[in-house]
Amino acid sequence: MKRKLVFVTNNAHKLEEVAAILGDKIELLSLNDIDCHTDIPETASTLEGNALLKSSFIYKNYGLECFADDTGLEVEALDGAPGVYSARYANREGHDAQANMLKLLHEMEGKENRKAQFRTAISLILDGKEYLFEGVIKGKITKEKRGDSGFGYDPIFLPEGYDRTFAELGNDIKNKISHRALALQKLCEFLQS
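Report follows, based on the coordinates. Just so you know, these numbers come straight off a predicted model, no measurement behind them. (Residues numbered from 1 in each chain as written. Predicted model: local features only at pLDDT ≥ 70, side-chain atom pairs only at ≥ 80, totals over all residues. Heavy atoms only, no water.)

## So, the pattern of salt bridges
Here's step 1: Counted under the stated rule, the structure contains 11 salt bridges.
Here's step 2: We note a salt bridge from glutamate 17 to arginine 180, for which the minimum N-O separation is 2.6 Å. Here the residue glutamate 17 occupies a position in helix H1 (residues 12-22), and arginine 180 occupies one in helix H6 (residues 179-192), the gap between them amounting to 163 residues. Neither glutamate 17 nor arginine 180 differs from the other in exposure class; each is buried.
Here's step 3: With a shortest N-O distance of 2.9 Å, glutamate 134 and arginine 119 are connected by a salt bridge. Pair noted here: glutamate 134 is in strand E6 (residues 129-141) and arginine 119 is in strand E5 (residues 115-126), with a separation of 15 residues, a long-range link.
Here's step 4: One network of salt bridges, in which partners are shared, links Lys14, Glu17, Asp69, Asp154, Lys174 and Arg180. (Salt bridge = Lys/Arg side-chain N within 4 Å of Asp/Glu carboxyl O. Helix = DSSP H or I, 4+ residues; strand = E, 2+ residues; numbered from the N terminus. Buried < 20%, exposed > 50% of the residue type's maximum accessible area, 1.4 Å probe, protein only.)

See the structure below:
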């Protein structure tokens, strides 16, 4: 029997991406599926902390096994920024991908070092115990937006070993090599062990 897990996110793009990566390995439930419409605050100072805030909220309030992720784009020349604030980089209130990209490109003007990495932390809660998984993909920030698939910073992130941004590579390739795919792979291996 397939294990049922709630994926704690209100981000439709992320839900779609995770469903595509996991395929039929687990039965994925969304927050809508469990009738949860709470905007769970992400107030921790680390990706791991935010992932745990979200997963423990669902476990405490709904008693369901679940996992949550938090992802950050960490840029070397900006001392790891935007990091934990990636989704709210340009505006502390909302998720405005265009404004976030423009701000980042502006901050990177004139900088030679364009090294960056996407890092995903996943907090899984099974039987009341928390397990953490991490996925990292290294790359660099382009000088302008390229491509129109994906979401977030995908049009300005060039993964190592590729000459196209995440937004140019398309979801099929991105979903095999991304930070989230790597973290989810570890989660799946753990569930199957």
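So, next bit.
## A look at the environment of aspartate 33
Here's step 1: If you trace the backbone, aspartate 33 turns up in the loop between strand E2 (27-29) and helix H2 (47-62).
Here's step 2: Judged by its relative accessible area of 52%, aspartate 33 falls in the exposed class.
Here's step 3: Between the C-alpha atom of aspartate 33 and that of valine 6, which follows or precedes it by 27 residues, the distance is 8.5 Å.
Here's step 4: Separated by 2.8 Å, the side chain of aspartate 33 and the backbone nitrogen of serine 30 make a polar contact. (Polar contact = N/O pair within 3.5 Å; in protein donor to acceptor, adjacent residues only side chain to side chain.)

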